[in-house]
Amino acid sequence: MSALQYGVVVLPKLDSEEEIQRIREEYDPWYYQISPYIPMVEPFTPATLGEMENVSDYISLARRGFHPFAVSFRACIEADDRLLLPLEGGREELIVLRRNLVGPGTAEAMAGAEYEPRLVIGRVPDPLRRSEALAVVARIGRILGVVDSVSLIEVAPNREMKLVANFPFGIGRVDYFDRLRA
């Protein structure tokens, strides 16, 4: 059995949120887990609860200098079982945010390539349903959003995700939704 992992994501507030949620409910069996998200830090396994608490403190410090910024998306694509929206606007801000979260040089070393932020709309395991969902999302057109926080998620061995904490930009508040486990 694999260990529990954690990741850092951005959950942008989207102008088409209701429409996207309806699509997710119809096509994504895991729609209820978390909203569409942009991965910022790949899932990692903390060694101890103390290390996990240090991660939470680090995220809290790393996001404080940021202010809300706009993002935009267009042209839904598929990768494996996921529907993704590449960024049209806000890319540089997300790259700076990621660099701040992982440290300079670490981002490139972790990924082995340049980070390309994308919004994960959902997972659709059936290829025919995924093609259908891709066409439905494409009809939305341009999607606008606001990024005003980063979130810590728990990733179970079966790939289920759960929101653990939200770190709003610019303030010291942290909203916990679940307890930290190592």
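Above this text sits the structure in question.
Residues numbered from 1 in each chain as written. Predicted model: local features only at pLDDT ≥ 70, side-chain atom pairs only at ≥ 80, totals over all residues. Heavy atoms only, no water.

A. Structural view of the overall build of the protein. Helix and strand counts for the protein come out as five helices and eleven strands. Taken over C-alpha atoms, the radius of gyration comes to 16 Å for the protein, in line with the 16 Å a tight globule of 182 residues would show. Counting contacts in the protein only where the partners sit at least 6 residues apart, residues at least 24 apart contribute 72% of the total. Here the protein displays about 9200 Å² of accessible surface, and carbon together with sulfur accounts for 53% of that area. In the protein, the 21 positive side-chain charges and the 27 negative ones have mean positions that sit 1 Å from each other. (Helix = DSSP H or I, 4+ residues; strand = E, 2+ residues; numbered from the N terminus. Rg over C-alpha atoms; globule rule 2.2 N^0.38 Å. Contact = heavy atoms within 4.5 Å. Areas by Shrake-Rupley, 256 points an atom, 1.4 Å probe, with all protein chains shown as cover. Lys, Arg positive; Asp, Glu negative; His and termini not counted. Charge placed at Lys NZ, Arg CZ, Asp CG, Glu CD.)

B. Seen up close, the packing of helix α1 (residues 17–27) against helix α5 (residues 127–138). Following both chains from N to C, one finds α1 and α5 inclined at 170°, their axes separated by 11 Å at the closest point. Judged by the inter-axis angle, α1 sits roughly antiparallel to α5. The residues of α5 that touch α1, namely those facing Ile23, Glu26 and Tyr27, are Arg129, Glu132, Ala133, Val136 and Val137. Classifying every residue of the contact of α1 with α5 by side-chain character gives five nonpolar, no polar and three charged. (Axes fitted to C-alpha atoms, helices over the stretch in contact; angles between N-to-C directions. Parallel < 35°, antiparallel > 145°, perpendicular 65-115°, else oblique. Nonpolar A, V, L, I, M, F, W, Y, C, P; charged D, E, K, R; others polar.)

C. Quick peek at α5. Between its first and last C-alpha atoms α5 spans 16 Å; for twelve residues at 1.5 Å apiece the expected length is 16 Å, and the two agree. Every buried residue of α5 is accounted for by Arg130, Ala133, Leu134, Val136 and Val137. Along α5, the residues classed as buried sweep out an arc of 165° about the axis, all on the same side. The exposed set on the far side of α5, more than 90 degrees from its buried face, consists of Leu128 and Ala138. Elements that come into contact with the buried residues of α5 comprise α1, β5 (77–79) and β6 (82–89). Of the residues flanking the start of α5, the one acting as N-cap is aspartate 126, its side-chain oxygen 3.1 Å from the backbone nitrogen of leucine 128. (Expected span 1.5 Å × (residues − 1). Buried < 20%, exposed > 50% of the residue type's maximum accessible area, 1.4 Å probe, protein only. Arc of directions from axis to C-beta. Polar contact = N/O pair within 3.5 Å; in protein donor to acceptor, adjacent residues only side chain to side chain.)

D. Local environment of α1. Those residues of α1 that fall on the buried side of the exposure criterion are Ile20, Ile23, Arg24 and Tyr27. Within α1, the buried residues cover an arc of 100° as seen down the axis, which keeps them to one side. Exposed and oriented more than 90 degrees from the buried face of α1 are Glu18 and Arg22. Check the buried side of α1 and you find it contacts β2 (13–14), β7 (118–123), α5 and β8 (143–147).

E. Expanded view of the packing of aromatic side chains. Within the structure shown, the criterion is met by three aromatic pairs. Ring centres of tyrosine 31 and tyrosine 32 lie 5.9 Å apart, and the angle between their planes is 85°; this geometry places the pair in the edge-to-face category. Where phenylalanine 69 meets phenylalanine 169, the ring centres are 6.2 Å apart and the plane angle is 15°; that geometry is what we call stacked. Within this pair, whereas phenylalanine 69 is found in strand β4 (residues 69–73), its partner phenylalanine 169 is found in the loop between β10 (161–168) and β11 (175–176), the two being separated by 100 residues in sequence. (Phe/Tyr/Trp six-rings, centres within 6.5 Å; stacked < 30°, edge-to-face > 60°.)

F. Region of the structure containing the environment of glutamate 88. Counting through the fold element by element, glutamate 88 comes out in strand β6. The spacing of glutamate 88 and proline 157 is 69 residues in sequence and 32 Å in space, taken between C-alpha atoms. In this view, glutamate 88 contacts Ser72, Phe73, Arg74 and Arg142; residues no more than four positions away in its chain are not counted. Only 3.0 Å separates the side chain of glutamate 88 from the side chain of arginine 74, close enough to count as a polar contact. Separated by 2.7 Å, the side chains of glutamate 88 and arginine 142 make a polar contact.

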